[in-house]
Amino acid sequence: MQLLSTRRRRLATAAASVILVGVPLVGTVAAQAAGSATGTVNTSGAALKVRSAPTTASGVIGTRADGAKITITCQTYGEKVSGTYGTSKVWDKLKAGGYVSDAFVKTGSDGLVAPLCAGTTTPPPATGQSAKVKATIAAAKGMLGKYPYSWGGGNANGPTRGICCSPSGIDDRNTVGFDCSGFMEYVFHKGAGLTLSSTSRSQYSAGPRVSISQLKAGDMVFWSNSSRTASGIHHVALYIGDGKIAEANRVSGPDIRIRSFSRNESGVMPYVVRPIR
């Protein structure tokens, strides 16, 4: 089924909450004098709390309204915070004083945009994606633009003829390709040797499910009707990281594609399925 258009986000997974969880940072944090940057607060409505240190255990010394422009003198690392732009350890020190989580600030970049604050301890590198997740994503990318959407088409072995008829009455018995769940069957079998069931609803039911706030590459994202219930699920896609999904969908342009994703899209289920543990 065709999805509603989405707003672009620079990270997956975004939680429109301003409840920040953190732990103190080791070492003294002080701003460098030059190299400041600017950003825009985006909390989907609520005011963003400014902390005296890059942790929510510290006091609140002010707020910044949703949409407010801020000047960032330097950036530092703290505990992970889930916000509008995903999950981030980065905190921004404001020119006016105090810190806000970069997870709620649009800076135009996924990386640092200002110098590191003096005394910042760089976190250890992330462990990265597993080999099976990488192979599953590669399998999805290997099909981009090669086949059309076909209702009931596709399985663990690749594209197949579809069936009659789709909810809109389209007969795909002569169309070789994938539908959304058939595409998932293929990529997880090709990349990770896993066998999935054949419909988006049964794939959701099979699990294992985790909260979408913990979304990571290799997870399956699901869309339902306005009820956002399992019985209303009608679409599934593979989250590949960096705020993007790979999907098979009957759309204008390539039906097997990569596009930007937001957890705030209409009908997105609150849980994702993580076949690769």
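Residues numbered from 1 in each chain as written. Predicted model: local features only at pLDDT ≥ 70, side-chain atom pairs only at ≥ 80, totals over all residues. Heavy atoms only, no water.

**Things to note about the pattern of salt bridges**
Where side chains of opposite charge bring their charged atoms close, a pairing between them can arise. This model, assessed by the stated rule, comprises six salt bridges. One salt bridge in this structure joins Arg173 and Asp171, with 2.6 Å as the shortest N-O distance. Across the pair Arg250 and Asp172 runs a salt bridge whose closest N-O atoms are separated by 2.8 Å. Within this pair, whereas Arg250 is found in the loop between β13 (244-248) and β14 (256-260), its partner Asp172 is found in the loop between β8 (160-161) and β9 (176-177), the two being separated by 78 residues in sequence. (Salt bridge = Lys/Arg side-chain N within 4 Å of Asp/Glu carboxyl O. Helix = DSSP H or I, 4+ residues; strand = E, 2+ residues; numbered from the N terminus.)

**Considering helix α1 (residues 131-141)**
Of all the residues in α1, the buried ones are Val133, Thr136, Ile137, Ala139 and Ala140. Each buried residue of α1 sits inside an arc of 155° when the element is viewed along its axis, so together they form one side. (Buried < 20%, exposed > 50% of the residue type's maximum accessible area, 1.4 Å probe, protein only. Arc of directions from axis to C-beta.)

**Focus: the environment of Gly59**
Take Gly59: it is sitting in the loop between β2 (48-51) and β3 (60-64). By relative accessible area, Gly59 is classed as partly exposed at 38%. Excluding its chain neighbours within four sequence positions, the residues that come into contact with Gly59 are Val50, Arg51 and Ser52. (Contact = heavy atoms within 4.5 Å.)

**Some words on the state of the cysteines**
Following the criterion strictly, the structure yields two disulfides and no others. For Cys74, the disulfide goes to Cys117, at an S-S distance of 2.0 Å. Of note, the bridge from Cys74 to Cys117 carries an S-S torsion of about 90° and is right-handed in sense. Here Cys74, found in strand β4 (residues 69-83), pairs with Cys117, found in the loop between β7 (105-106) and α1; they are 43 residues apart in sequence, far enough to count as distant. Assessed through its relative accessible area of 0%, Cys74 is described here as buried. Judged by its relative accessible area of 2%, Cys117 falls in the buried class. With a sulfur-sulfur separation of 1.6 Å, Cys164 is cross-linked through a disulfide to Cys165. With its bonded cysteines labelled in order along the sequence, the chain shows the pairing 1-2, 3-4. (Disulfide = S-S within 2.5 Å.)

**What about the packing of α1 against helix α2 (residues 180-192)?**
Running from N to C, α1 and α2 point in directions that differ by 135°, and their axes come no closer than 7 Å. The angle between the axes of α1 and α2 places the two elements in the oblique class. As α1 runs across α2, the sense of the crossing is right-handed. Across from Lys132, Ala135, Thr136, Ala139 and Ala140 in α1, the residues of α2 making contact are Phe183, Tyr186, Val187, Phe188, Lys190, Gly191 and Ala192. A per-class count over the contact of α1 with α2 returns eight nonpolar, two polar and two charged. (Axes fitted to C-alpha atoms, helices over the stretch in contact; angles between N-to-C directions. Parallel < 35°, antiparallel > 145°, perpendicular 65-115°, else oblique. Left-handed = near helix turned anticlockwise from the far one by under 90°. Nonpolar A, V, L, I, M, F, W, Y, C, P; charged D, E, K, R; others polar.)

**Quick look at the confidence of the model for the chain**
Scored by pLDDT, the chain has a mean of 85; 86% of the residues are at 70 or more. The model gives residues 1-33 a pLDDT under 50, and that stretch makes 116 contacts with residues more than four places away or in other chains. (pLDDT = per-residue confidence, 0-100.)

**Section: the packing of aromatic side chains**
Scanning the entire structure with this criterion turns up six aromatic pairs. Ring geometry for Phe178 against Phe183: centres 5.7 Å apart, planes inclined by 65°, an arrangement best described as edge-to-face. Assigned by exposure class, Phe178 and Phe183 land together as buried. Ring centres 5.8 Å apart and planes at 85° place the aromatic pair Trp223 and Phe261 in the edge-to-face group. Here the residue Trp223 occupies a position in strand β11 (residues 220-223), and Phe261 occupies one in the loop between β14 and β15 (271-273), the gap between them amounting to 38 residues. Neither residue differs from the other here; Trp223 and Phe261 are each classed as buried. (Phe/Tyr/Trp six-rings, centres within 6.5 Å; stacked < 30°, edge-to-face > 60°.)

**Digging into the side chain of Thr84**
Note on placement: Thr84 falls in the loop between β4 and β5 (86-94). Among the polar contacts made by the side chain of Thr84, one reaches the main-chain carbonyl oxygen of Asn42 at a distance of 2.6 Å. (Polar contact = N/O pair within 3.5 Å; in protein donor to acceptor, adjacent residues only side chain to side chain.)

**Observations concerning unusual backbone geometry**
With an omega of 0°, the peptide bond running from Cys164 to Cys165 counts as cis. Mapped onto the fold, Cys165 is located in the loop between β8 and β9. A cis amide bond links Gly207 with the next residue in sequence, Pro208, at an omega value of 0°. Tracing the sequence through the fold places Pro208 in the loop between α3 (200-206) and β10 (209-211). Not every positive phi belongs to a glycine, and Ser44 is a case in point at roughly 65°. Secondary-structure assignment places Ser44 in the loop between β1 (37-41) and β2. On the basis of relative accessible area, Ser44 is assigned to the partly exposed category, the value being 48%.

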